[in-house]
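# Examining the three-dimensional arrangement
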Amino acid sequence: MANKDPNDLETIIWPDDKKEMVFVAGGTFTMGSDVDAENAKPAHTVSVASFYIDRWHVTNAEYKKFIDATGHPIPNYDVPWCNTHGYNWDVDTRTFPEGKAEHPVVLVTWEDALAYAAWAQKRLPTEAEWALAARGLSARRYPWGDEFLLNHCNSAEAGWGGTCPVGTFSPQGDTPEGVVDMVGNVWEWTSSLYRPYPYRPDDGRENPASGKWRVLRGASWVNDATIAHAIARLDGDFLFYNNVGFRCAVDAGEK
Amino acid sequence: MAEGDAHPYKYSCRKCPIRNRCIDYSDNAPTIKAQIRNAFVNKTDTIDLWANLQAHCLLIKADEEARKGTTESLLSKRLRRARKAQEEALAGAKKPPDAAPPRAPKKPTFIVPPPTRPDDIRDPHQLTRREVISARSSGRRYWVTVPTSGRHIALPVDGAVVLGRYDPTFGIPPDVDLTFEDSGHESISRRHARISGTGGIHIIEEMGSRAGIIINGQKLSLGTTRRLYEGDTLILGRVTLRYGIMPGWVQRLSQYPNLQHRLMVASTGDVRLLEPGAAQVIGRSDRFVNFTADIDLSALGAIAEKVSRRHAMLSYQPASSQWLIEDMGSGFGTKINGELMMPGQVHTLVPGDHIWLGGCVLVYDVEVH
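Note that this is a predicted model, so its numbers are computed, not measured.

Looking now at the nonpolar core. All names here are of chain A. Of all hydrophobic cores here, the largest spans 68 residues; its most connected members are Tyr63, Trp189 and Phe246. At the level of elements, strand E2 (19-24), strand E3 (27-31), strand E4 (44-48), strand E5 (51-54), helix H1 (60-70), helix H2 (110-119), helix H3 (127-135) and strand E6 (187-193) are the ones that each hand at least two residues to this core. The biggest single contributor to this core is H3, with 6 residues.

Here it is as structure tokens:
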């Protein structure tokens with residue numbers, strides 16, 4: 001798939017967190033798949049209004065600005081079920097690990113992601129918006145096309161063995177609109193509750209007050225090509241992980 | 001490739017501190033990658049080889065990023081550090097040899113927890129040796145009961161089990177699968193809690209689940225552990241569990257004439273009765289090779305995907321009214337309460353034992369009439 005010239009991208013710089021956002025034109029597209037994992041069945045059509053989505057994940061450096069501004073707790077945990085080594089933030093300086101400024105922030109809970117979004121006057125993308133941004137109106141399997149290609153995303157095949165700086169696989173792994181790292185690197189929190197397809201925005205799955213599991217999309221450096229695609233869904237039945245981050249969105253009409 | 005600055009490339013691969021990463025990163029076959037590495041060691045690298053590697057050069061990318069005005073990237077920072085270290089080493093080499101080698105000033109680092117192994121039993125409760133020995137010698141065994149389904153979960157004396165649910169899409173089920181008890185609630189996480197035993201003393205640990213664990217009305221905070229005592233009520237999501245001593249009759253099954261041995265499939269709640277008598281093979285029937293297992297799990301579909309045709313064998317001991325289980329060389333192995341069985345190892349089943357067959361979990365239990 002031919003990517004647009006970087007100068008032609010329809011992007012804006014969001015004033016609150018100085019992050020580049022990409023315009024994604026709304027429309028009706030196919031969500032899910034009839035041949036993939038059980039939780040992504042059946043294929044169905046969904047309509048979504050236009051929106052802006054962050055060009056890349058929220059990085060450590062960007063999350064640091066939020067932490068400094070709000071005094072939000074830093075991602076620092078010592079738990080046996082998740083290897084936080086190399087991802088934990090420094091307690092004294094309240095800073096991300098050295099050299100990881102451009103890595104996506106991980107060890108963030110859904111509530112952390114919401115707090116960041118509220119601070120930046122954004123919101124988390126809904127599952128349908130995420131799917132449209134990654135798959136486009138043509139319902140591609142990958143942001144760049146229908147075939148898995150090496151050196152297009154940070155999946156297990158890339159061999160990084162951890163998060164990588166955002167944009168490492170840009171521009172070849174971008175969507176035609178220029179959204180970076182939609183597949184691979186880290187799973188992304190969405191605002192939608194984990195419920196079976198078909199996706200219906202009005203059936204209560206966008207209820208922000210519910211304490212149930214939220215959908216994660218996009219796969220991470222842990223997953224191989226069987227899961228690293230834009231159709232895979234994961235339920236966030238955990239608080240945080242070393243391969244879970246997020247990006248934000250806003251309605252196209254706002255700014 | 002000639003030495004010096006005559007080459008057209010910006011960076012010298014020969015001097016590059018992260019060369020191996022570029023090699024790993026390239027699309028070459030593993031054997032070719034090894035050859036490339038050897039070429040650098042033997043200094044027989046060619047300009048074509050550099051061209052191949054620099055197609056993916058992370059330093060060039062980092063440099064471009066830096067020129068765009070963004071903050072310094074990981075790689076350029078690392079390169080700078082490597083250069084600095086080299087310079088310092090050179091400076092140090094010029095000093096008299098008896099002077100202590102200069103060290104990079106140690107930065108105040110955060111305390112990194114040692115990487116924990118999954119089977120690592122942590123002991124924050126400082127169990128004394130005497131306590132452990134007395135618990136072990138008492139021979140008491142503990143189990144957890146689920147009042148709603150009447151299910152028992154035998155806990156290992158030494159070792160750990162993970163309580164959670166079966167996920168059809170990702171990963172494999174935990175040692176103790178609570179999917180059936182949780183059905184309709186969606187409150188149990190894939191990995192919800194871990195109970196680890198030391199000589200029969202059990203410690204429970206929260207595993208980052210969304211719903212959390214409530215013990216006797218008190219929420220267990222993240223990353224903390226708590227010792228379990230007899231009569232504790234544990235609430236995982238919407239499922240209530242009770243921790244207690246395994247009653248004495250469990251050890252003396254032969255005294256009861258009317259025993260009913262059962263196997264329950266943990267994720268669906270299906271119960272199969274075990275008829276005392278001949279040995280029974282647990283496995284997956286396969287009509288293509290005309291094989292029928294005595295206890296056939298093929299109807300379970302995706303859950304039993306990793307069950308071998310002949311996975312494990314159950315044999316009945318009439319004298320003690322107990323069943324023995326043995327792995328039959330299965331592909332994915334058999335675990336009893338979280339512990340993988342060694343080839344040739346035989347385990348005597350106790351009510352509440354969880355048999356993990358390559359992902360499909362069966363619960364052995366007994367009903368006394």
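Continuing now.
Once that is clear, we can look at the interface of chain B and chain A. Listed as interface residues are 38 residues of chain B and, on the opposing side, 44 residues of chain A. Buried surface at the junction of chain B and chain A, summed over both partners, amounts to about 3,700 Å²; 52% is from carbon and sulfur atoms. Scanning the region where chain B abuts chain A turns up 5 salt bridges. Note that B:Arg165 is salt-bridged to A:Asp235, the shortest N-O span being 2.4 Å. Taken together, the connections running from chain B to chain A amount to 13 residue pairs in polar contact (both at pLDDT 80 or more). Broken down by secondary-structure element, the contributors of at least two residues to the side of chain B that touches chain A are helix H1 (19-25), helix H4 (58-67), helix H5 (74-94) and strand E6 (201-206) of chain B. Broken down by element, the residue count for the side of chain B that touches chain A peaks at 3 residues, all from H5(B). By residue class, the composition of the side of chain B that touches chain A is 11 nonpolar, 11 polar and 16 charged.

All names here are of chain B. All chains considered together, the criterion is met by 3 cavities of 30 Å³ or more. Size it by volume and the second largest cavity reaches roughly 60 Å³. Lining the second largest cavity we find Tyr11, Ser12, Cys13, Cys16, Arg19, Cys22, Leu53, Gln54, Cys57 and Leu59. Looking at the lining of the second largest cavity, the elements that each hand over two or more residues are H1 and helix H3 (47-54). Residues that form the lining of the second largest cavity fall into these classes: 7 nonpolar, 2 polar and 1 charged.

With that settled, the discussion passes to the packing of H1(A) against H2(A). Residues and elements named next belong to chain A. Where H1 meets H2, the axes come as close as 10 Å, and the angle between the chain directions of the two elements is 80°. When the axis of H1 is compared with that of H2, the two are roughly perpendicular. Each of Glu62, Tyr63, Lys65, Phe66, Ala69 and Thr70 in H1 lies in contact with H2, whose residues at this interface are Asp112, Ala115, Tyr116 and Trp119. Class assignment for the residues of the contact of H1 with H2 results in 6 nonpolar, 1 polar and 3 charged.

Time to look at unusual backbone geometry. Comment: phi is negative for the bulk of residues other than glycine, and the bulk of peptide bonds are trans. Residues and elements named next belong to chain A. Of note, the bond from lysine 41 into proline 42 is cis; its omega dihedral lies within 30 degrees of zero at -5°. Checked against the element boundaries, proline 42 lands in the loop between E3 and E4. In this structure, the amide linkage connecting serine 170 to the following residue, proline 171, adopts the cis form with an omega of 5°. With respect to the helices and strands, the residue proline 171 is situated in the loop between H3 and E6.

So, on to the sheet that holds strand E13 (residues 271-274) of chain B. Strands pair in a sheet through their backbones, by hydrogen bonds, and they do so in one of two ways: parallel or antiparallel. Reading across from one edge, E13-E12-E22-E21-E18-E19 (chain B) is the order of the 6 strands in this open sheet, with antiparallel pairing throughout. Across the chains shown, the open sheet's two edge strands, defined by having one partner strand only, are E13 and strand E19 (339-340) of chain B.

All names here are of chain A. Here strand E1 (residues 11-14) pairs with E2 via 4 bridges, running antiparallel. What sits directly across from tryptophan 14, in E2, is lysine 19. Hairpin connection between E1 and E2: a loop of 4 residues separates the two successive antiparallel strands, and lysine 18 in this loop has a positive phi of roughly 55°.

This paragraph deals with the side chain of A:Thr126. All names here are of chain A. With respect to the helices, strands and loops of the structure, threonine 126 is situated in the loop between H2 and H3. A polar contact of 3.1 Å, which involves the side chain of threonine 126, links it to the backbone nitrogen of glutamate 129. Discounting residues that sit within four places of it in the chain, threonine 126 has contacts with Thr190, Ser191, Ser192, Tyr199 and Glu206.

Rules and cut-offs
- Residues numbered from 1 in each chain as written.
- Chains lettered and ligands numbered in written order.
- Predicted model: local features only at pLDDT ≥ 70, side-chain atom pairs only at ≥ 80, totals over all residues.
- Heavy atoms only, no water.
- Core = buried A, V, L, I, M, F, W, Y, C linked by side-chain atoms within 4.5 Å.
- Buried < 20%, exposed > 50% of the residue type's maximum accessible area, 1.4 Å probe, protein only.
- Helix = DSSP H or I, 4+ residues; strand = E, 2+ residues; numbered from the N terminus.
- Contact = heavy atoms within 4.5 Å.
- Buried area = accessible area lost by both parts, 1.4 Å probe.
- Salt bridge = Lys/Arg side-chain N within 4 Å of Asp/Glu carboxyl O.
- Polar contact = N/O pair within 3.5 Å; in protein donor to acceptor, adjacent residues only side chain to side chain.
- Nonpolar A, V, L, I, M, F, W, Y, C, P; charged D, E, K, R; others polar.
- 1 Å grid on protein atoms, 1.4 Å probe; cavity = no way out; pocket = protein on both sides within 12 Å on 5 of 7 lines; lining within 4 Å.
- Points joined across faces, edges and corners; volume = space filled by probe spheres on them.
- Axes fitted to C-alpha atoms, helices over the stretch in contact; angles between N-to-C directions.
- Parallel < 35°, antiparallel > 145°, perpendicular 65-115°, else oblique.
- Pairing = 2+ DSSP bridges.

As far as function goes, none of this settles anything; it's purely spatial.
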